[in-house]
Amino acid sequence: MKKFLTLIMILLVTVVTFAQPQKSSKKPIIGISSTWGGGIATSAPLNYVKSVMRAGGVPVVLPVTDDPQLIARMLETVDAVIMTGGEDIDPLKWFGEEPHPALGEVIPERDLFDITLIRMAVAKGLPVLGICRGEQLMNVAFGGSLYQDIPSQVKGTYVKHMQKAPGYYGTHSVMIETGSLLYKQIGLDSVATNSFHHQAVKFVAPGFKVTARSKDGIVEAIEKIGSSKVFGVQFHPEVFTANDIDTFLGIFKYLVEEAIGNRQ
Ligand code: MN
């Protein structure tokens, strides 16, 4: 009888141990938006993948599709989303402006996927980090607009936003609002960032606010007002982070923390 009871106890302990939801110890899955690759590839730069891994997340690249049901299912499997950098957004279709002659490459399939993905992710309450195009897309997806070409459309701009220095090297200053998510993430009110963009946020989407600017007034970061988990930066923190420069690692760590918190 005693042996039998001991066996039952061991069984109980085993069941209780393995039945415990061990979510908190599991690394969160971070979905990374990809590009269309001419219809023959769907890929995301390794820098995003490495940054997520360095911050303690599990990177998963989300392939471009126009099927909202597939996108919904993708969003059931991830704990947060990163909208990556890339091509220009179709101004006519997504913010009602004629294309400026200096507009760069546009990929309609990617635009549709990205806009659908970010709207559904935010509606679902997932943490979302937008980077470069991803930040601009965040603004456009929620009703904002863009400068299609900074040099020809922004009067008085005097900062080089398309650097020729290496990507892991900061070239222009960015002033950060204290109290913003970005300030919380990196702990600096001023920092040198890299810069690889000829477009920028113009009209800020309703419900969003600017949290960082370069010295010539170009928007360098935005966040959703009243939200702790929807934010974007115009620069490329993933290039620093993937190259073991920790200035912006806090951005990815914050996203991972929010992803864990969101799941519980
Ligand atoms: Mn810039």
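Higher on the page you've got the structure.
Predicted model, so just to flag it, every value in this text is computed and none were measured.

Q: So what's going on with the coordination of the manganese ion? Residues and values would help.
A: The protein atoms that coordinate the manganese ion are H161 (ND1), H172 (NE2), S195 (OG), H197 (NE2) and E220 (OE), at distances spanning 2.2 to 2.4 Å. Read from N- to C-terminus, the donor residues coordinating the manganese ion fall into the pattern H-x10-H-x22-S-x1-H-x22-E. Of this pair, H161 sits in the loop between α7 (150–153) and β6 (172–176) while S195 sits in the loop between β7 (190–193) and β8 (200–201), placing them 34 residues apart in sequence. Taking the relative accessible area as the measure of exposure, S195 reaches 0% and is therefore buried.

Q: Before we move on, could you go through the packing of aromatic side chains and cite the residues and values that matter?
A: Taken as a whole, this structure holds four aromatic pairs when the rule is applied. With a centroid separation of 4.9 Å and 55° between ring planes, the pair formed by F240 and F248 is classed as tilted. For the pair F240 and F248, a shared accessibility class is recorded, and that class is buried.

Q: Requested: an account of the pattern of salt bridges, with residues and values cited.
A: Side chains that differ in charge, positive against negative, can pair when their charged atoms come close. Within this structure, the stated rule accounts for 10 salt bridges. Notably, a salt bridge pairs R263 with D79, separated by 3.4 Å at the nearest N-O pair. With R263 in helix α10 (residues 249–263) and D79 in the loop between α3 (68–77) and β3 (80–83), this residue pair connects regions lying 184 residues apart in the sequence. As far as the burial class goes, R263 and D79 line up, both buried. Here the salt bridges do not stand alone but share partners, grouping E87, R110, D111, D114 and R133 into one network.

Q: Help me get a handle on the nonpolar core, residues and values and all.
A: Ranked by internal contacts, the top residues of the largest apolar core, which has 33 residues, are I30, I82, L129, I131, L182 and I251. Among the secondary structure elements, those contributing two or more residues to this core are β1 (29–33), α2 (46–54), β3, β4 (128–131), β6, α8 (181–186), β11 (230–233) and α10. The leading source of residues in this core is α10, at eight residues. Dropping the residues within four chain positions of it, L129 is found in contact with V81, I82, M83, M138, F231, I251, F252 and L255.

Q: Run through helix α6 (residues 133–141), naming residues and quoting values.
A: A large share of α6 lies buried, amounting to nine of its nine residues. Among all positions of α6, only R133, G134, E135, Q136, L137, M138, N139, V140 and A141 are buried. Just downstream of α6 lies G143, where phi reads positive at about 105°.

Q: Any chance you could break down the side chain of H197 for me, citing the residues and the numbers?
A: Inspection of the secondary structure puts H197 in the loop between β7 and β8. Taking relative accessible area as the criterion, H197 reaches 3% and is therefore assigned buried. Looking at H197, its side chain comes within polar contact range of the main-chain oxygen of Q199, at 2.8 Å. Among all residues touching H197, those that are not within four sequence positions of it are C132, Q136, I150, H161, M162, H172, I218, E220 and Q234.

Q: Just give me the short version of the pairing of strand β9 (residues 208–214), but keep the residues and values in it.
A: Judged by how many residues are buried, β9 sits mostly within the fold: five of seven residues are covered. As judged from the five bridges shared by β9 and strand β10 (residues 219–224), these two strands associate in the antiparallel manner. Bridge pairing in β10 links F208 to K224. Here β9 folds back onto β10 in antiparallel fashion, the turn holding four residues, of which G217 has a positive phi close to 90°.

Calculation criteria
- Residues numbered from 1 in each chain as written.
- Predicted model: local features only at pLDDT ≥ 70, side-chain atom pairs only at ≥ 80, totals over all residues.
- Heavy atoms only, no water.
- Donors = N, O, S within 2.8 Å, 3.2 Å for Na, K, Ca; no water.
- Helix = DSSP H or I, 4+ residues; strand = E, 2+ residues; numbered from the N terminus.
- Buried < 20%, exposed > 50% of the residue type's maximum accessible area, 1.4 Å probe, protein only.
- Phe/Tyr/Trp six-rings, centres within 6.5 Å; stacked < 30°, edge-to-face > 60°.
- Salt bridge = Lys/Arg side-chain N within 4 Å of Asp/Glu carboxyl O.
- Core = buried A, V, L, I, M, F, W, Y, C linked by side-chain atoms within 4.5 Å.
- Contact = heavy atoms within 4.5 Å.
- Polar contact = N/O pair within 3.5 Å; in protein donor to acceptor, adjacent residues only side chain to side chain.
- Pairing = 2+ DSSP bridges.

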